[in-house]
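For reference, the chains in residue letters:
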Amino acid sequence: MLVNKWMWGLVLAFNALTALEPISDINVSGGYRNDRFTSTIRTFNPDGHDRIKMTGLNIWEVGADMTLKLPNVFIDRCACDYWWLSQFYTRGSVYWGRSCYGHCKEEAKDDFDLILASARGKVHRAHTFDYNLAIGWLFPFNYSFAMGPVVGISYNKLNFRVNVDNFPSLDHFRFSSAYHSTFVGLDALVDTGCAYLRGGYEYHILHEWTGNFKVRGDVVDDFAFSDRRVSKRGYGHVLYGEARFPIEDFYWEWGIKGQLSFFRARRGSCHFYDTHGIEAPDAHTKYAKWLSLSLVADLGYRF
């Protein structure tokens, strides 16, 4: 037992001397993203279900990322050699996206899968907004590789409007979706000598998902109705990877980053409202799922 403790002490001492520390940098980014989204509710009186499915939403997005290690001013005040404090860092990002191309379908069926109503159209306008904030710690395995846990919060919002093509009495419909979640995961950092590689995985625990569906047409008296969908049960997975390359003086850098995200909200509530705001028959949310794949390039400064 004493030998094991001695050997472990040598490993920690060696890591302290050769530790690969987190990198502090700030980057501005821009790139492409493709989203898919589906939301289904269960209706009663009449019994059935209603599904909204959007595919092929091509989005151009811009944003910023920042990673900040614990400043040395805090570490230097420690009386002892707390080298592990230098392995703490925070990271965050914020992105805005816009799109005017995609396909959407809204379909209502009864319990025997008989189609009661169906509306198809193209996405006329869509907006996205996403941010996350996290704190992590990297364990340095050697001078070129480190990995450790990370925890944080995230917010992902998608709004889109669809112009209906095949339903003359309907003008358009709108839908907004927002996921609020916390996450735990792993981050990794690799120094190859000529580039830095970063990657990680996050498991998200849903706090709340909200969806708002609004339909407008000209059937009778400017016919319209809406519903609000809420779920507090669900999960998400995020997988990302990036490569960063220094430019000349090793302060400026450029990089490329890819990310795959999948979120799913499970059974929750749903409330219908007609033109006059009167609540309609009972329903509940069955699920809402969102899949997103993005690829961005960025320019950054390391400090």
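All figures in this text were calculated on a predicted structure; none of them were measured in a lab.

It is worth spelling out the overall build of the protein at this point. If you tally the helices and strands in the protein, you get two helices and 14 strands. Among the 303 residues that make up the protein, the fraction classed as buried is 44%. Of the contacts made within the protein by residues no fewer than 6 positions apart, 71% connect residues no fewer than 24 positions apart. If you sum the accessible surface of the protein, you get close to 16,200 Å²; carbon and sulfur atoms cover 64% of it.

Among the nonpolar cores identified, the biggest contains 25 residues, and Phe37, Met54, Phe160, Tyr179 and Trp209 are the most heavily contacted of them. Secondary structure elements with two or more residues in this core: strand 2 (48-69), strand 5 (115-137), strand 7 (145-164), strand 8 (170-191), strand 9 (196-217), strand 12 (252-265) and strand 14 (283-302).

The subject of this paragraph is the confidence of the model for the protein. Of the residues in the protein, 79% have a pLDDT of 70 or more, and the chain-wide mean is 84. Ranking the elements of the protein by mean pLDDT puts helix 1 (residues 2-18) last with 46 and strand 12 first with 96. Overall, residues 5-17 carries pLDDT values under 50, and its contacts beyond four positions in sequence, including any with other chains, amount to seven contacts.

Our focus in this paragraph is the pattern of salt bridges. Per the counting criterion, the structure on display carries 17 salt bridges. As a salt-bridge pair, Asp65 and Lys257 come within 3.7 Å of each other at their nearest N and O atoms. Of this pair, Asp65 sits in strand 2 while Lys257 sits in strand 12, and the two are 192 residues apart along the sequence. Here Asp65 and Lys257 have matching classes, each one buried. Note that Glu242 is salt-bridged to Arg198, the shortest N-O span being 3.2 Å.

Another point: the pairing of strand 7. Here strand 6 (residues 139-140) pairs with strand 7 via two bridges, running antiparallel. By the bridge assignment, Phe139 is partnered in strand 7 with Met147. What sits between strand 6 and strand 7 in their antiparallel hairpin is a turn of four residues.

What follows is about the packing of aromatic side chains. Enumeration according to the criterion identifies 21 aromatic pairs in this entry. Pairing Phe37 with Phe160 gives two aromatic rings, centres 6.5 Å apart and planes at 65°, and the pair type is edge-to-face. Highlighted residues: Phe37 in strand 1 (residues 25-43) and Phe160 in strand 7, separated in sequence by 123 residues. Ring centres of Phe173 and Phe213 lie 5.5 Å apart, and the angle between their planes is 75°; this geometry places the pair in the edge-to-face category. Separated by 40 residues along the polypeptide, Phe173 in strand 8 and Phe213 in strand 9 bring together distant segments of the chain. Using a relative accessible area of 2% as the deciding quantity, one classes Phe213 as buried. Directly above the ring of Tyr240 sits Lys257, whose terminal nitrogen or CZ lies 5.2 Å from the centroid.

Residues Ile26, Val28, Met66, Leu68, Ile247, Tyr251, Trp252, Trp254, Leu299, Tyr301 and Phe303 make up a contiguous nonpolar surface patch of about 1,000 Å² in total accessible area. Sorting the residues of the nonpolar patch by element identifies strand 1, strand 2, strand 12 and strand 14 as the ones contributing at least two each. Counting through the fold element by element, Phe303 comes out in the segment after strand 14.

Now for the environment of Leu133. Among the secondary structure elements, Leu133 is positioned in strand 5. Those residues in contact with Leu133 that sit more than four places away from it in its chain are Arg91, Gly92, Val151, Gly152, Ile153 and Phe183.

The next thing to look at is a positive patch on the surface. Residues Arg36, Arg51, Lys53 and Lys289 make up a contiguous surface patch of positive charge. In this fold, Arg51 is placed in strand 2.

Reading the values: the criteria
- Residues numbered from 1 in each chain as written.
- Predicted model: local features only at pLDDT ≥ 70, side-chain atom pairs only at ≥ 80, totals over all residues.
- Heavy atoms only, no water.
- Helix = DSSP H or I, 4+ residues; strand = E, 2+ residues; numbered from the N terminus.
- Buried < 20%, exposed > 50% of the residue type's maximum accessible area, 1.4 Å probe, protein only.
- Contact = heavy atoms within 4.5 Å.
- Areas by Shrake-Rupley, 256 points an atom, 1.4 Å probe, with all protein chains shown as cover.
- Core = buried A, V, L, I, M, F, W, Y, C linked by side-chain atoms within 4.5 Å.
- pLDDT = per-residue confidence, 0-100.
- Salt bridge = Lys/Arg side-chain N within 4 Å of Asp/Glu carboxyl O.
- Pairing = 2+ DSSP bridges.
- Phe/Tyr/Trp six-rings, centres within 6.5 Å; stacked < 30°, edge-to-face > 60°.
- Lys NZ or Arg CZ within 6 Å of the ring centre and 35° of its normal.
- Patch = residues over 30% accessible without salt bridge, like charges linked within 9 Å, V, L, I, M, F, W, Y side chains within 5 Å.
- Lys, Arg positive; Asp, Glu negative; His and termini not counted.
- Charge placed at Lys NZ, Arg CZ, Asp CG, Glu CD.

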